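Below are the chains, spelled out letter by letter.
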There are 2 protein chains.
Amino acid sequence: MSPREYRELIRGGADLGLTSNVCGGYAQAQLDIVPKKYAFDYLLFCIRNPRPCPVLDVTDPGSPHPMRAAPQADLRTDLSQYNVYINGKIEAEPKDIKSYWSSDFVAFLIGCSLSIDWVLRTSDINFRTTGAYMTNIQCTPAGPFKGPLVVTCRLIKGKDVATTIRITSCYPTAHGAPIHVGNPAGIGIKDLYHPDMLKPSVPVTPKEADEIPLFWACGLTTRVVALEAKLPTMVTGAVGRLFVTDLPVEKLANQ
Amino acid sequence: MSPREYRELIRGGADLGLTSNVCGGYAQAQLDIVPKKYAFDYLLFCIRNPRPCPVLDVTDPGSPHPMRAAPQADLRTDLSQYNVYINGKIEAEPKDIKSYWSSDFVAFLIGCSLSIDWVLRTSDINFRTTGAYMTNIQCTPAGPFKGPLVVTCRLIKGKDVATTIRITSCYPTAHGAPIHVGNPAGIGIKDLYHPDMLKPSVPVTPKEADEIPLFWACGLTTRVVALEAKLPTMVTGAVGRLFVTDLPVEKLANQ
């Protein structure tokens, strides 16, 4: 199914569940919407922290159409579930946000770790994901946005570590190269098998002797930081329900 | 001389002229200052047009200190000449902007073509620069900012074209790879030997049979576009007088 067909089904009301296995090869993106008043500081936070927050697209204020990522899409309807936050607290989890939309909303599409999974899989690299973690690394703040870096972890075989780093380095909009290799405690992670977010449905078995944990900056960083800033209004896609763009992952190489 | 020493001399009132041959190996940056009201759209224009407008740093509103590029510098005093524009027209060309500074100013440091010259020279590639040109390529607009792409041109020997492209591709914050190779008319340039901007002091002799024109996106794009938008106030560095950062060019590879 093409991203356009997929989005049209969702727009029509279909619940197709999580997006982790749909439209393989097309970049997916985290949707974060903030009022125009906060858009400069949000964008500044992203460009000051490009590893967790690679910006795939930013809409014109009031426009729901991401002109670079998928010009025919409508960000008010093309995700299957949204979270609406008031002062940093969840207020509603609607299936569309037509009734919440405001002419001063600016929508940000942030690159997503699923694209890392895709480029590794197409490169025949076997790996296991363990979840996402808060670290002790502080992001560079911008206006009200500040907080710790969130990372994802993949267990990679020793023979594949160099290739994994080389390949992911080519995809800065998919978080690029790992920000840390090896010891989880080195970035403040106490227990690799109890992630803070994106917990796997089945517990991860202990790492084998030839597996090394590699940690990538994660787009959830902006989500955590933005919620912590307690904006009067903020809208996001629900966890695991990403926006499916028209951008082939390959096209993002070195962009 | 280190960038810090150089900036301190200027801050003390020394006029050291153009910056094209100072502090070799350190990235220089174009300074553009706009009021906070326009900062989101300006930044959006930059990230929508990353080839001409690679963002090296953005200050917090009201702060003259570029925390990434040179945290000890003061952007009000550390260039040897500035241009102050009112409604897009030049109003003053002061040696410092202490009396013009406003608490709602946001300063942008945009990557500079001099860094391309540097990486090519250190790679032993001989080339000739011919100037900067308006093209028929339109940038992606953002708010009031819209207009044509400005490019610089370098004449490169056929044997060096591939290496030149490979090397410059590694420096996206120095405008990355060329955006066009060969025929100037292909991007709307009528006369290679009469550039629109950055005219060389000595006319360039006609290109030799084994020279090919390579065209790079140029930071002057934002300057042209921002002036055309006729902001009530805008401050820039004077042409050829760039801000000398503390960032070694090599450190910007693949960033």
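Caption draft 1: Up close: the interface of chain A and chain B. Facing 14 residues of chain A, the contacting portion of chain B comprises 14 residues. Taken together, the two surfaces of chain A and chain B that pack against each other cover about 1,200 Å², and 67% of this comes from carbon and sulfur. Our enumeration of links across chain A and chain B arrives at two salt bridges. The shortest N-O distance in the salt bridge between A:Asp60 and B:Arg48 comes to 3.0 Å. Elements with a minimum of two residues in the side of chain A that touches chain B: helix 2 (36–48), strand 2 (55–58) and strand 5 (105–111) of chain A. The element best represented in the side of chain A that touches chain B is helix 2 of chain A, accounting for seven residues. Here the side of chain A that touches chain B is built from residues that sort into 10 nonpolar, one polar and three charged.

Caption draft 2: Quick look at helix 3 (residues 114–122) of chain B. Within helix 3 of chain B, burial applies to B:Ser115, B:Ile116, B:Asp117, B:Val119 and B:Leu120. A positive phi of about 60° marks B:Asp124, the residue just after helix 3 of chain B.

Caption draft 3: Spotlight on unusual backbone geometry. A positive phi angle, near 60°, is found at A:Asp124, a position not held by glycine. Mapped onto the fold, A:Asp124 is located in the loop between helix 3 (114–122) and strand 6 (127–138).

Caption draft 4: Local environment of helix 4 (residues 161–169) of chain A. Residue and element names in this part refer to chain A. Listed in full, the buried residues belonging to helix 4 are Val161, Thr164, Ile167 and Thr168. Along the axis of helix 4, the buried residues cluster in a sector spanning 135°; they form a single face. Opposite the packed face of helix 4, turned more than 90 degrees from it, sit the exposed residues Ala162 and Arg166. Buried positions along helix 4 lie against helix 3, strand 7 (148–157) and strand 9 (211–217).

Caption draft 5: Region of interest: the packing of helix 2 (residues 36–48) of chain B against helix 5 (residues 220–228) of chain B. Residues and elements named next belong to chain B. Where helix 2 meets helix 5, the closest approach of the two axes is 11 Å, and the angle between their N-to-C directions is 140°. Here the hand of the crossing between helix 2 and helix 5 comes out right-handed. From helix 2, Tyr42, Phe45 and Cys46 reach across to helix 5, where they touch Thr222, Val225 and Ala226. Considering only residue class, the contact of helix 2 with helix 5 consists of five nonpolar, one polar and no charged.

Caption draft 6: Local environment of the sheet that holds strand 8 (residues 180–181) of chain A. Residues and elements named next belong to chain A. If you walk across this open sheet you meet the four strands as 6-7-9-8, and the pairing is antiparallel. Both edges of this open sheet fall to strand 6 and strand 8, since each of them pairs with a single strand only. Packing of helix 4 onto the sheet brings it into contact with strand 7, strand 8 and strand 9, and relative to strand 9 it is tilted by some 15°. Against the sheet, helix 5 (residues 220–228) touches strand 6 and strand 7, its axis set at about 155° to strand 7.

Caption draft 7: Broad picture of the sheet that holds strand 9 (residues 211–217) of chain B. Residue and element names in this part refer to chain B. Strand order across the open sheet formed by four strands is 6-7-9-8, with antiparallel pairing between neighbours. Of all the strands in the sheet, the pair left with one neighbour each is strand 6 (127–138) and strand 8 (180–181). Bridging between strand 6 and strand 7 (residues 148–157) involves eight bridges; their strand directions are antiparallel. In the sheet register, methionine 134 faces strand 7, and the bridge partner there is valine 150.

Caption draft 8: Broad picture of the pattern of salt bridges. In the structure shown here, the tally under the stated rule is 28 salt bridges over all chains. Here A:Asp78 makes a salt bridge to A:Arg7, at a shortest N to O gap of 4.0 Å. Highlighted residues: A:Asp78 in the loop between strand 2 and strand 3 (82–86) and A:Arg7 in helix 1 (residues 3–11), separated in sequence by 71 residues. According to the relative accessible area criterion, A:Asp78 is buried, its value standing at 2%. Residue classification places A:Arg7 among the buried positions, given a relative accessible area of 1%. The partner of B:Glu228 in a salt bridge is B:Lys230, and the shortest N-O contact between them spans 3.8 Å. B:Glu228 gets classed as exposed once you look at its relative accessible area, which sits at 55%.

Thresholds applied
Residues numbered from 1 in each chain as written. Chains lettered and ligands numbered in written order. Predicted model: local features only at pLDDT ≥ 70, side-chain atom pairs only at ≥ 80, totals over all residues. Heavy atoms only, no water. Contact = heavy atoms within 4.5 Å. Buried area = accessible area lost by both parts, 1.4 Å probe. Salt bridge = Lys/Arg side-chain N within 4 Å of Asp/Glu carboxyl O. Helix = DSSP H or I, 4+ residues; strand = E, 2+ residues; numbered from the N terminus. Nonpolar A, V, L, I, M, F, W, Y, C, P; charged D, E, K, R; others polar. Buried < 20%, exposed > 50% of the residue type's maximum accessible area, 1.4 Å probe, protein only. Arc of directions from axis to C-beta. Axes fitted to C-alpha atoms, helices over the stretch in contact; angles between N-to-C directions. Left-handed = near helix turned anticlockwise from the far one by under 90°. Pairing = 2+ DSSP bridges.

Any link to function would need more than the numbers given here.
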